[in-house]
Amino acid sequence: MMVKALPSQKLYTRMRLWEFPDQYIVEPTDGSSGSCLAVSRVNGSMTLVDEVPRFTTPRVPKIQTVFGVIGMLKLLAGSYLLVITERESVGTYLGHPIFKVLTLKVFPCDHSLKNSPEEQKRMESEFSNLLKVAEKTTGLYFSYDVNITLRVQRLNELGDESKLLPLWRQAEPRFLWNNYMLEVFIDNKLDPYMLPVIQGSFQSFQSAIGLDIIDVTLIARRCTRRTGTRLWRRGADSDGYVANFVESEQIIQLKGFIASFVQVRGSMPFLWEQIVDLTYKPKFDILRPEEAPRVAERHFLDLRKKYGNVLAVDLVNTHGGEGRLTEQFATSVQDILNDDVRYLHFDFHHICGHVHFERLSILYEQIEDFLIKNRYYLLNEKGEKVEAQVGIVRTNCVDCLDRTNVTQSMIGRKMLEFQLQRLGVFDAEETISAHPNIDDCFKILWANHGDDISIQYSGTPALKGDFVRFGKRTLQGILKDGWNALMRYYLNNFVDGTKQDSIDLLQGHYIVSVSRDMAPTIPKRGIEAIASLPLALALITTGLFFTMVSLTRVRNDLWQLLFSILWGGLSIGIAIFVRANGRVFCNRPRLHKPPR
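Values in this document were obtained by computation on a predicted structure and should not be read as measured data.

So what about the pattern of salt bridges? Which residues, and what values?
All told, the structure shown has 26 salt bridges when counted by the stated rule. The partner of E119 in a salt bridge is R122, and the shortest N-O contact between them spans 2.7 Å. Placement of the pair is E119 and R122 together in helix 1 (residues 118–134), with a separation of 3 residues, close to one helical turn. Of the charged contacts in the structure, one is a salt bridge between R221 and E249, with a shortest N-O distance of 2.9 Å. Taken together, the residues R221 in strand 11 (residues 212–222) and E249 in strand 12 (residues 246–254) connect sequence positions 28 residues apart. Residue R221 shares its accessibility class with E249, and that shared class is buried. Sharing partners across several salt bridges, the network here consists of R151, R154, E172, R174, R221, E247 and E249.

Can you tell me about the layout of surface pockets, naming the residues and giving the values?
Taken as a whole, the second largest pocket holds about 590 Å³ of empty space. As for the second largest pocket, its lining consists of 30 residues, of which Y280, H349, D402, L463 and K464 are closest to the centre. Listed by contribution, the elements that provide at least two residues to the lining of the second largest pocket are helix 10 (402–422) and helix 13 (475–494). Looking at side-chain class alone, the lining of the second largest pocket contains 11 nonpolar, 8 polar and 11 charged residues.

Break down the packing of helix 1 against helix 14 (residues 496–506) for me, with residues and values.
Where helix 1 contacts helix 14, the axes come no closer than 9 Å and their chain directions differ by 95 degrees. The orientation of helix 1 relative to helix 14 falls into the category roughly perpendicular. Only T498, K499, D501, S502, L505 and L506 of helix 14 make contact with helix 1, whose side of the interface consists of F127, L130, L131, V133 and A134.

Before we move on, could you go through the packing of aromatic side chains and cite the residues and values that matter?
A complete count under the given rule lists 13 aromatic pairs for this structure. Geometrically, the ring pair formed by Y141 and F202 is tilted, given 6.5 Å between the ring centres and 40 degrees between the ring planes. Of the two residues, Y141 sits in strand 9 (residues 140–142) while F202 sits in strand 10 (residues 197–209), which places them 61 residues apart along the sequence. Here the guanidinium or amino end of R87 rests over the ring plane of F99, the centre of that ring lying 4.6 Å away. When the ring centre of Y364 is taken as reference, the NZ or CZ atom of K414 above it lies at 4.9 Å.

The rules we used
Each residue is numbered by its place in its chain's sequence as written, counting from 1. Local features in this predicted model are restricted to residues whose pLDDT is 70 or higher, and side-chain atom pairs enter the listing and the counts only when it is 80 or higher, whereas totals over whole chains, interfaces and linings include all residues. With hydrogens and water stripped out, all remaining heavy atoms of the structure feed into the side-chain values. For salt bridges, the criterion is a side-chain nitrogen of Lys or Arg within 4 Å of an Asp or Glu carboxyl oxygen. A helix here means a DSSP run of H or I that spans at least four residues, while a strand means a run of E at least two residues long, and both kinds are numbered starting from the N terminus. Only protein chains enter the calculation, and the probe is 1.4 Å; a residue is then buried if its accessible area is under 20% of its type maximum, exposed if over 50%, and partly exposed in between. Buriedness for pockets is judged along seven lines, at least five of which must meet protein on both sides within 12 Å for an open set on the 1 Å grid over protein atoms alone, while cavities are sets there where a 1.4 Å probe fits but cannot get out, and lining residues have an atom within 4 Å of a point. Grid points are joined across faces, edges and corners, and a volume is the space filled by probe spheres set on the points. Amino acids outside the nonpolar list (Ala, Val, Leu, Ile, Met, Phe, Trp, Tyr, Cys, Pro) and the charged list (Asp, Glu, Lys, Arg) are all regarded as polar, and Gly is one of them. Geometry is summarised by axes, namely lines fitted to C-alpha atoms with helices restricted to the contacting stretch, and by angles between N-to-C directions that run from 0 to 180 degrees. Orientation categories follow fixed angle ranges, with anything under 35 degrees roughly parallel, anything over 145 roughly antiparallel, 65 to 115 roughly perpendicular, and all other angles oblique. Residue contacts are counted whenever heavy atoms from the two residues lie within 4.5 Å of one another. Put simply, two rings from Phe, Tyr or Trp (the six-membered ring, in Trp's case) pair if the centres are within 6.5 Å, and we call them stacked under 30 degrees between planes, edge-to-face over 60, tilted for the rest. The rule for a charge over a ring is simple: NZ of Lys or CZ of Arg within 6 Å of the ring centre, and within 35 degrees of the ring normal.

Take a look at the structure:
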């Protein structure tokens, strides 16, 4: 029997957070008649109350407007409430408003920490500092009305009863960014406060084709199973979940029709890593190669269950360190290849170089049959299914960022042309390039999409973005790539270790407990006690400065030649020392113990 959706299942869209000395009160202010949520500042316990309590002190409580509750994290002694304090409307998904999180704020519930041992206080302080890093998380999106963790095809395949469930219960767990943080709210049955959030990207544009208006939306959904930063999360885990796995869905709405096309990216599905050591490109280490076939099989079995047929497009170099990776990939999947799972290697750099990306047409000719046979999802003006997408293209390079985004944008362009031809808007041979207004918007759409995904994984916008944005390589784009490459080096070595800790904490990949975290800290000895990258860089810079000064005076005093050699030798020696002890100087994750 069908049950009518109850108002209590609707999410609160605007709330007021009161900061009392002993508790926080979250009061719905969107016109709903729901109860207020009281959160103890002592231990984070939650109860529903009918109204905001009266002030018991002359001091007026602080009041903060919030637009959603992300969830709660429990550390050693305290709990921490995460809420959205600023949002921005970025478009619509199937007619429902979509918002981007602009500001995320953490409210501590840690008064019980006053009675804790000093060592526990110190540990709590370290962990709570990671939540300050979490407040800077980028690319978070949500909707109060529609489940954006599901692609259009899966959303329309939900049964009527499932559609009546609260959004968090409909959500795809692997794309639900705050899945772990909602557990306390689930235990307390606080459905109206439980806002599903994804991490990824949401881009859209509207344009005219003759008398018709086309809406194009591009959504990225980042998987949380093996989420992290560029050099700290590589390859797969033993269950087949891969780093930087992102589902990209391109949706068009035109003349009452809705079409959706999905493709995915993800790291090569076997165990491998790059240990940060201050080199620009740390060597690739393949771990337990004997397990690679089993890990790859698990990965592709999961893709088959979720998407149907799979075509894996590997863009990695044939030679060098990358060549070892692509050789292992090919070897790992050779026993599972069949009509349902295909593998195709395309050496992007060898064929396209750094400027001739138009040669991707060679790749397209090899995958065109797969794209045509596996189709896309299509609903007619009556909301009836006309086509279903029955297969997926899985693209990867080493980072699954730059080469991958260029390739995915090319595939997305071809599929959009197929769809417009199918709907009778384009002739059989007509292309997007013939319509500059759509062409420009489409390029920007995919360029922004790639930048968002890249910033979350590497800390910088995507490289080769000028080709996606303008359709050609530019001098400015090449110079920008050089700058972003240097920024990646800095962030990956000296910032991302702490960021990785923060991510692992938020996702529940590392569970904080007294038993595992109260062990006394081992004091650093030798080089680790004094190692400091800023100090090393300062010494190298100083040495080079005095080397140059001494060289300018050699003409008048030959002793200056000796001094310049000494200063230069000192600088080179320090640089070699830093290189040899790179892992000491790097910002390594501290939460290095096995996940739960």
